[in-house]
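This is what each chain is made of:
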Amino acid sequence: MSRILHNRMRSSLKRSTAWSCVDKRAVAFSIWTGKSMLLYKPIDPIHIPRRKYGMFVARALRGVLKIRYLLLGGAVGGGMTLNKKYIEWKDGLPDMGWLNDLLPDNEQWDRFTTTLINAKDRIGDQLQIDPRLREAGLERAAEFRNWLAQRYEDAVAAAAANNIEPAPRIENNLKSRPPPPPSGKGSTEDAAVYEKRVHALQEEVLALQARYQRELQRLEQENRELRQQNMLLRQGRQPPAKKLKRSLIDMYSAVLDELSGWDSGEAGRLPRVVVVGDQSAGKTSVLEMIAQARIFPRGAGEMCTRAPVKVTLSEGPYHVAQFRDSTREFDLNKESDLADLRKEVELRMRNSVRGGRTVSTDVIAMSVRGPGLPRMVLVDLPGVISTQTVDMAADTREAIKQMTKQYMDNPNAIILCIQDGSVDAERSNVTDLVVQCDPQGKRTIFVLTKVDLAEENLANPNRIRRILDGKLFPMKALGYYAVVTGRSRKDDSIQSIREYEERFFRSSKLFKEGVVTPSQVTTRNLSLAVAECFWRMVRATVEQQADAFKAMRFNLETEWKNTFPRQRELDRDELFERARAELLDQSAELSAVPAPAWEQRLSSALWAAAADRIFEGIYLPAAAHAHEDVDKFNTSVDIKLREWAENELPTQSILAGREALKEEFTSLMSQSVDSDPVYEPVKKAAVEEALGRHTWEERAQDVLRVLQLNALQDRCVPSRSDWDSAVSLMEAALKERLNSVDKEIKNLTGPGFKERWLYWQSSSEEQRRRAEVRNELERLGSSRPSLTYEELVAVRDNLRRKGVEVDNDYIRETWKPVYLKNFLQRAQTRARDCKKSFYLYSQQNGTGKECCEVVMFWRVQATLRTTANALRQQIGNREAARLDRELREVLDEMAADPELKKKLLSGRRVELAEELKRVRQVQEKLEEFIEALNKEK
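Since the model is a prediction, treat every value here as computed from it, not as a measurement.

**Q** What should I look at first to understand the packing of helix α25 (residues 789–801) against helix α26 (residues 808–834) in this one?
**A** Each pair of packed helices can be described by the angle between their axes along with the distance between the axes. For the pair α25 and α26, the least separation of the axes is 10 Å and the interaxial angle reads 100 degrees. With respect to α26, the axis of α25 lies roughly perpendicular. Residue-level inspection shows L792, V795 and R796 of α25 in contact with α26, the latter providing N808, I811 and R812. Looking at the contact of α25 with α26 residue by residue, the classes come out as 3 nonpolar, 1 polar and 2 charged.

And the structure:
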C-alpha cells in the first residue's frame, strides 16, 4: 500500500509541475500576442499599456547589446585566427639562422676594410709594368711618329717638285692656315690644286692621328690586362682563360682546311699562294724568310719537301708556330723549339709517304704568328725534278708534276714561281708548267733567288736585267723580284740573312748600275707584294665562291629530299655512333638473358660438340668390346668417360660456350627491329672482331674439369623424370645417327626401288655391286662388329656364284655401315623397352644390369647439364663483362680509323650526307669570314 501511495504522490507532483510550466508559458504568450492561451479569449491591451512599452524598450536595448557582443566576439575571433595564421606562416619559413654563422660581424668588416686599404697602398708602391711591354709600346709609338714624319716630308717634296711652296708644318691639330696664293688666272688654278692637295694631306694626317690614337688605346688596354694578370700571379692565383677572337686569316685558313683533300669542283677554288719551283731552287728558304723563322728541315742535295705544307701567316704578339691538329705551340725564338719543330715536320712528311711512294698529297697544315708578319696562306709544294734516282718511286717525277699542276690550275691561286739565279735559265723545268697554267701571267709572281751567286758567276749583268724585265723566259708575271735567302749556312739566323741581303743590295753592282729597281729587291718587298696580291684576289673572288657553295648545297639538299625523303641526314660519324650505341645496348642485354634460355642454348652447343666423341669414342667402342657383356660395357664406359672428362671435355666445353655466346649475341642483333641496315656491316665487323679477341679465362677449364669428374661419378638415376629424359636423349641420338648411316649406305648402294621407279634414278655398276654385298651380309645376320674368316669366305663364295668378284677388304668395308645400322636399330629397340623399366631399376637400387646404356646417357646428360650451368654462371659473372669491354675497345679503334669507317659505311646515302655536311661547314665558315672581311673594310 505504501508503494502505491508513493507512486500516486509522485505522479500528482509531476502533473502540478507540468501545469505550473503551462501557466507560465500561457501568461507569457498572452502578454506577447494579446490572446489568452488558457481561456481562448482576447486580452484587452488597454489594461497593460505600461508593460507593453517596457517590453519594447527592453527588446531594443537587448538588440543594441547583442550587436556589441557580436562586434566584440568577431574582433576577438578574427584576432585569434590572424594570430594562428601568422604562427603557421612563420613556422613554414626556412631556418635562416645559418646566415649568422657565415656573415661577418661589424668588427670583422672593419678589419677587412682596413686590410684592403693597406693592400691598395702596398700594391700601388710595388706594382710595376712589364718592361718588355713598355719597350714594345714605346717602339710602336716611335715607329708611328717616324712614319708620320716621313709622310709629311714626302708630301712636302712632292709639292716642291711641282713648284709649289710647301705648306707650313701642321701643328695644333691643323689649326694653322696656309699663306694665301698669288693672284692671277694661272695662280687661281694653282691655288685650287694647292688647296686640294693640302686638304688631302690634312685628311690623311687626321686619319693617321686617329689610327695612332686607337693603337695607343689598344696598347693601354693590353697593358692593363697584363697588370691584372701579373697581380693575380703574384697572389698565387691563375688568371681566367680568355677566349681569343680568331683573326681574319685564321678564319680563311679554316675554310681551306675544310676543303683540303676534297674535290669540290668549281666551288673549292679559293685563293691561296702556291710556291712552286725546281728542286733546290730556294722555295723553302723564301718561305722561311717570309715567315721570319727557320721552320723547315734541311737536306744536303736530298728531297726535303715530300708533301704539301700549308702555312698560315698572321700577326701576333709572340713569334710561335702550331700544327692544326696539335695544341703545342713552338716558340720560334728558342733554338730548342725550332729544332723540335723541324723534327716534327720531317716526321710528318715521312709518315705521309706510304706504299713505297716518294711524295704524298696529304697536306701538312701549320700556322705561324708573330709581330709584323704578313697575313696570307702559302702552300709549299715539292720541287719539280728532271731526273729520278734509284731510291725514288717510278712515278715520282710525274706525280710531282701532276700535284703542282693541280694546285696551279686553280684560277684563283697566286703562283709564286721560284727560279734559281745561280744556274742557267734554260735548265728550268717549272717555267713551262707555269706558262701552261697561267699564260697571261695575271696571277704569277716571279722570284729570282741566289742573286749574290748569280752576280759572281755571270759575266753579263744584262742577263739578270732581262730576267727581271720578263724578257728572257717565255712567261708573263705580275711582278719580278730578286732576293737573297742566305749564304748556304745552316746556322744562320733569319735576322743575319736579312742583314746580309740588305747589305748585298746596297753594295751590289746590279743595284748601283740600275739593273734592278729598289722595289724589286729584298724579301720584305716580296712579302708585302704577295700579301697585297693575295688579299686583292680574296676580296675579288670570295663572294663568287660563297654563291657557288650555296648552289651546291641547294642541289645536294634537293637530291636528298628526292632520294631519301623520310630519312635523316646522318653522316658517317653519326651513323657510326648510332651503331656503337645499339651494339653496346645489345651487349648489355646479354646479362638480362634468362638462365633457362642460357642453359638450353649451352646444352645444345655442348651436345653438338660432344655427340661424335660420345658415339665414336665411347659408346660404340664399349659396345663392340663388351659384346653384350654388361660388366665389360660398364667398365669400358667408366674408363672412356673419365679419359674424356680429364682431357677433351673441358676444352670442348669452352669452345661450346664461345659458340653459344656468339649465337646469343647474333640472336640479339637480329631481334633489333629499329636497326638501320646501312650500319649493319659496322656491327657485324665489330662483333666478329670482339669475339675473335675474346678468350675464356684459363682457370675456368680447371673448374669445369672438377665439376665434370664429380658429375660422372654418380651412376644412380634419382627420379623418373631423369630416367625419361635420358631415354629421350638416347632415342634422339640413335635416330640422328641412324639417319646419317642410312645416307651413307644409300650413297654406297645407290637409289632404292622407290627412287628408281618414281624419280627415274639409276645405280652405277659400283653401287650395284655394293648392293649385292650388302644383301648377302644382311642374310648372314652376324651381330659381331668384325667378321670372322669363315664368314668372309662364305660371303665371297655366295657372291662368286652370282657372278660378283670381291675381296675380303671390300666386304669388310661394306660390313661396317651395315653392322652399325643393325646395332643402332637394336639399340633403339632396347631404348623403347627401357622406357618403362624405371620401376624395376629403382627396385634394384641401381645395381641392375639392365638398361646400362640408359644409365650411360644419363651420366653424360647430367655432366653436360652441370657444365652448362657452370658456363652460364661464368658468362653472367665474368665473360659477358669481359666481352663488353673488348667490344668497347674494338669500337674505339674503329672510331679512330677513318679508312675503316669509310669501307664499312658506304653507299650513296652516306656519301651524300658527307657531302652535305662538308658543304654546310664550308659555307658557314665562309659566310663568317665574309662578314668579318666586310667589317674590316
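Having seen the model, we can carry on.
**Q** Looking at this structure, how should I read the state of the cysteines?
**A** Disulfide: a covalent bond formed between the sulfur atoms of two cysteine residues. Under the defined criterion, the tally for this structure stands at 1 disulfide. Bridging C834 to C851, the disulfide has an S-S length of 2.1 Å. Torsion about the S-S bond of the C834 and C851 cystine: about -100 degrees, corresponding to left-handed handedness. Taken as a pair, C834 in helix α26 and C851 in the loop between α27 (838–843) and α28 (852–895) lie far apart in primary sequence, 17 residues in all. Each member of the pair, C834 together with C851, is buried.

**Q** Teacher, can you tell me more about the nonpolar core here?
**A** Soluble globular proteins tend to pack their nonpolar side chains together in the buried interior. Within the largest apolar cluster, 103 residues are counted, with the highest numbers of intra-cluster contacts made by W607, Y619, F633, W723 and M856. At 19 residues, the largest contribution of residues to this core is made by α28. If you look at the next biggest cluster of nonpolar residues, it comprises 69 residues, including L248, I290, L416 and C533.

**Q** What is the right way to read the environment of S725 from this model?
**A** Checked against the element boundaries, S725 lands in helix α22 (residues 720–749). In the structure, S725 is positioned 129 residues away from V854 in sequence and 9.6 Å away in space, judged by C-alpha atoms. Not counting residues up to four positions away in its chain, the partners in contact with S725 are Q861 and R865.

**Q** Would you take a moment to explain the pattern of salt bridges for this structure?
**A** Think of it this way: side chains of opposite charge can pair up when their charged atoms draw near. Summed over the entire model, instances satisfying the criterion amount to 59 salt bridges. A salt bridge links R737 to E616; the shortest N-O distance between them is 3.5 Å. Taken together, the residues R737 in helix α22 and E616 in helix α18 (residues 595–626) connect sequence positions 121 residues apart. R737 sits in the buried class, given a relative accessible area of 15%. Several salt bridges share partner residues, and in doing so they unite R553, E557, E569 and R920 into one network.

**Q** Would you explain the pairing of strand β7 (residues 414–420) in this entry?
**A** Side-chain direction in a regular strand flips from residue to residue, so the side chains alternate between the two faces of the sheet. Judged by how many residues are buried, β7 sits mostly within the fold: 7 of 7 residues are covered. The alternating pattern of β7 places I414, L416, I418 and D420 on one face and I415, C417 and Q419 on the opposite face, and all of these are buried. As judged from the 5 bridges shared by strand β1 (residues 273–277) and β7, these two strands associate in the parallel manner. Counted as the bridge partner of G277 is I418 from β7.

**Q** Can you help me understand a nonpolar patch on the surface in this one?
**A** Together, F753, W757, L758 and Y759 give the surface a local cluster of nonpolar side chains, amounting to about 560 Å² of exposed area. One can find W757 in helix α23 (residues 753–758).

**Q** What's the story with the side chain of Q828 in this structure? I'm lost.
**A** Here Q828 shows up in helix α26. Assessed through its relative accessible area of 17%, Q828 is described here as buried. Excluding anything up to four places from it in sequence, Q828 contacts L734, K735 and L738.

**Q** Please explain the packing of aromatic side chains as it appears in this structure.
**A** Where two aromatic rings form a pair, the distance of their centres and the angle of their planes describe that pair. For the coordinates displayed, the defined rule picks out 18 aromatic pairs. Taken together, a centroid distance of 5.3 Å and an interplanar angle of 75 degrees make the contact between F534 and W535 edge-to-face. Among the residues examined, F534 registers a relative accessible area of 0% and is labelled buried. Residue class for W535 comes out buried when judged on its relative accessible area of 7%. Within the aromatic cluster, the residues linked to one another by ring pairs are F615, Y619, F633, W815, Y819, F823 and F857. Over the ring of F323 we find R348; its NZ or CZ atom is 4.1 Å from the centre of that ring. Between K901 and the ring centre of F576, over which it is positioned, the NZ or CZ distance is 5.5 Å.

**Q** Sorry if this is basic, but what is going on with the sheet that holds β1 here?
**A** Whether parallel or antiparallel, the strands of a sheet pair through hydrogen bonds between backbone atoms. Spatially, 9 strands are ordered β4-β3-β5-β2-β6-β1-β7-β8-β9 in an open sheet, and the strand pairing comes out mixed. Each edge of the sheet is formed by a strand with only one pairing partner; in this case those strands are β4 (330–331) and β9 (479–482). Against the sheet, helix α10 (residues 396–408) engages β1, β6 (376–380) and β7, with an angle of about 145 degrees to β1. Running over the sheet, helix α11 (residues 430–437) touches β1, β7 and β8 (444–449) and is turned about 160 degrees from β7.

**Q** Just to check I follow, could you spell out unusual backbone geometry for this structure?
**A** Residues other than glycine predominantly adopt negative phi, and peptide bonds predominantly adopt the trans conformation. In this structure, S280 is a non-glycine residue whose phi angle is positive, near 65 degrees. By the secondary structure assignment, S280 is in the loop between β1 and α8 (283–291). A relative accessible area of 48% means that S280 is categorised as partly exposed. Positive phi, normally seen in glycine, also occurs at K450, with a value near 55 degrees.

**Q** Is there a simple way to think about the confidence of the model for the protein chain in this case?
**A** Averaged over the protein chain, the pLDDT score is 78; the fraction of residues at 70 or greater is 78%. The low-confidence segment residues 13–48, where pLDDT is below 50, has 20 contacts with residues more than four positions distant or belonging to other chains. Scored below 50 in pLDDT, residues 162–183 makes 28 contacts in the model with residues more than four places away or belonging to other chains.

**Q** Looking at this model, I keep getting lost on the packing of α18 against helix α19 (residues 630–670). Mind explaining?
**A** Following both chains from N to C, one finds α18 and α19 inclined at 155 degrees, their axes separated by 7 Å at the closest point. Considering their axes alone, α18 and α19 lie roughly antiparallel with respect to each other. The hand of the α18/α19 crossing is right-handed. Residues of the contact of α18 with α19, tallied by class, amount to 20 nonpolar, 7 polar and 7 charged.

**Q** Mind showing me how you'd approach the environment of Q520 here?
**A** With respect to the helices, strands and loops of the structure, Q520 is situated in the loop between α15 (509–512) and α16 (523–563). Remark: the alpha-carbon pair of Q520 and Y481, spanning 39 residues in sequence, is separated by 4.6 Å. Those residues in contact with Q520, other than ones at most four positions away along the chain, are L468, Y480, Y481 and A482. Of the polar contacts made by the side chain of Q520, one reaches the backbone oxygen of Y480; its length is 3.1 Å.

Definitions and limits used
Residues numbered from 1 in each chain as written. Predicted model: local features only at pLDDT ≥ 70, side-chain atom pairs only at ≥ 80, totals over all residues. Heavy atoms only, no water. Axes fitted to C-alpha atoms, helices over the stretch in contact; angles between N-to-C directions. Helix = DSSP H or I, 4+ residues; strand = E, 2+ residues; numbered from the N terminus. Parallel < 35°, antiparallel > 145°, perpendicular 65-115°, else oblique. Contact = heavy atoms within 4.5 Å. Nonpolar A, V, L, I, M, F, W, Y, C, P; charged D, E, K, R; others polar. Disulfide = S-S within 2.5 Å. Buried < 20%, exposed > 50% of the residue type's maximum accessible area, 1.4 Å probe, protein only. Core = buried A, V, L, I, M, F, W, Y, C linked by side-chain atoms within 4.5 Å. Salt bridge = Lys/Arg side-chain N within 4 Å of Asp/Glu carboxyl O. Pairing = 2+ DSSP bridges. Patch = residues over 30% accessible without salt bridge, like charges linked within 9 Å, V, L, I, M, F, W, Y side chains within 5 Å. Areas by Shrake-Rupley, 256 points an atom, 1.4 Å probe, with all protein chains shown as cover. Phe/Tyr/Trp six-rings, centres within 6.5 Å; stacked < 30°, edge-to-face > 60°. Lys NZ or Arg CZ within 6 Å of the ring centre and 35° of its normal. pLDDT = per-residue confidence, 0-100. Left-handed = near helix turned anticlockwise from the far one by under 90°. Polar contact = N/O pair within 3.5 Å; in protein donor to acceptor, adjacent residues only side chain to side chain.

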